[in-house]
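Spelled out, the chains give:
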Amino acid sequence: MVDVPAAMDPHLEVLRSRADGSLIMGASRLTGRYWTGSLWHFQDPSVAPHVEQCTAGVQTEAGVADLQLINDHQLIVASDSGAVEMWQLSEDGEAFQTLWYSYAHDNTVHTISVAADSNTAVSGGADASIKIWDLETKLAMRTLKAHTATIWSISCNPLDKHVFLSCAQDGRALLWDTRKEKPACNVGKGFIGSVPTCITWSAHRQTDVTIGCETGEVMMFELRDQSQPVHRWRPHTRTVHRLAFSPQETCWLASVSDDCDVVVTSLQTDPNIVYQNSDHTDMVRGVSWSPAGQQLLSCGWDTKVLSHKLSGFDRPSPTQQMDCNLLNGEAASRKPDQ
């Protein structure tokens, strides 16, 4: 291993599972005069975040806010410095190399997503602008402005390279189609009563969009009929940071939050929480399913990486199913009977 940092940065921000089951992780050190960050590769996710057992690690010039895999050996990073960076992991998985970086944003880049063709990426951040990147030319080929405040989350459509979602501090979630003269339209208008903080496409139907909010509420909308949400429930009591659908059980949605909880909700019919874990002791920031979809990994500002095995939940039992309906504005009970 070459130039591996001596210690793990304490604020673990994001996890991504590779096709072979190994783990890429981004971390930040958000204390002191200068904020720094790091990228890590663990061939065995069970040993994360122990530095002495990592396969590769590298220090970055600023904190890592988000990262996405372009393919098994290339990744693109959203940086606290305002940079978008492209990195390569060596064939043996033992070294990171920076390929290029660009400071096209005027402030922190909070989110980045790779388009369906893997040749384009979309970034957004605190400057309220969206940049569309050509990964071959390494240029931001287009800037889009419709939000008026910090953009928290962007999600590219997994099938159409021209379509993506965004949500921001201005209280709006937008659907974008870059082929149109006016590319942005509202999602969930009139129903999102707080700041939407994360957004993703649903795995089981590509016309469904799922949004997490700062109140801990999660909503799903069907784009062809937004007269009311398909589902609306509150699995958390504080800001929802990330959402991730299982690649195997496509009706399972994992969510993580400032309330230190990791929650998996089944959306097969009405929302039912089939798993809940409160072992994190600080805000949970990252979540990723294993390629087989039977294991869930989470990370947070407590410098922990936790593994959650859900292989036993082929069909939730009555004691595992919990009411997720909103009860007088409060979160429903989420813990099964012991």
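For the structure, check the block above.
Computed from a predicted model, the values in this text were never measured in an experiment.

A.B. asks: Describe in detail the overall build of the protein, supporting the description with residues and values.
C.D. replies: Summing up its helical and strand segments, the protein has zero helices and 27 strands in all. The C-alpha atoms of the protein give a radius of gyration of 19 Å, which matches the 20 Å a tight globule of 338 residues would have. If one aligns the C-alpha atoms of the protein with their principal axes, the spans along those axes are about 50 × 50 × 35 Å. A burial count over the protein gives 58% of its 338 residues as buried. Within the protein, residue pairs in contact and separated by at least 24 positions form 45% of the contacts whose partners lie at least 6 positions apart. Of the accessible surface of the protein, which amounts to about 14400 Å², a share of 45% is contributed by carbon and sulfur atoms. Once the 26 positive and 40 negative side-chain charges of the protein are each reduced to a mean point, those two points are 6 Å apart.

A.B. asks: How would you explain the side chain of H280 if you had to name every residue and give the values?
C.D. replies: You can see H280 is positioned in the loop between β24 (272-277) and β25 (284-289). Polar side-chain contacts of H280 include one of 2.8 Å to the side chain of S298.

A.B. asks: I'd like a description of the side chain of H308, backed by residues and values.
C.D. replies: Locating H308 in the fold gives a position in strand β27 (residues 305-309). A polar side-chain atom of H308 sits 2.8 Å from a polar atom in the side chain of Y275. At 2.8 Å, the side chain of H308 and the side chain of S298 are in polar contact. Excluding anything up to four places from it in sequence, H308 contacts V262, Y275, N277, Q294, Q295, L296, L297 and S298.

Calculation notes
- Residues numbered from 1 in each chain as written.
- Predicted model: local features only at pLDDT ≥ 70, side-chain atom pairs only at ≥ 80, totals over all residues.
- Heavy atoms only, no water.
- Helix = DSSP H or I, 4+ residues; strand = E, 2+ residues; numbered from the N terminus.
- Rg over C-alpha atoms; globule rule 2.2 N^0.38 Å.
- Buried < 20%, exposed > 50% of the residue type's maximum accessible area, 1.4 Å probe, protein only.
- Contact = heavy atoms within 4.5 Å.
- Areas by Shrake-Rupley, 256 points an atom, 1.4 Å probe, with all protein chains shown as cover.
- Lys, Arg positive; Asp, Glu negative; His and termini not counted.
- Charge placed at Lys NZ, Arg CZ, Asp CG, Glu CD.
- Polar contact = N/O pair within 3.5 Å; in protein donor to acceptor, adjacent residues only side chain to side chain.

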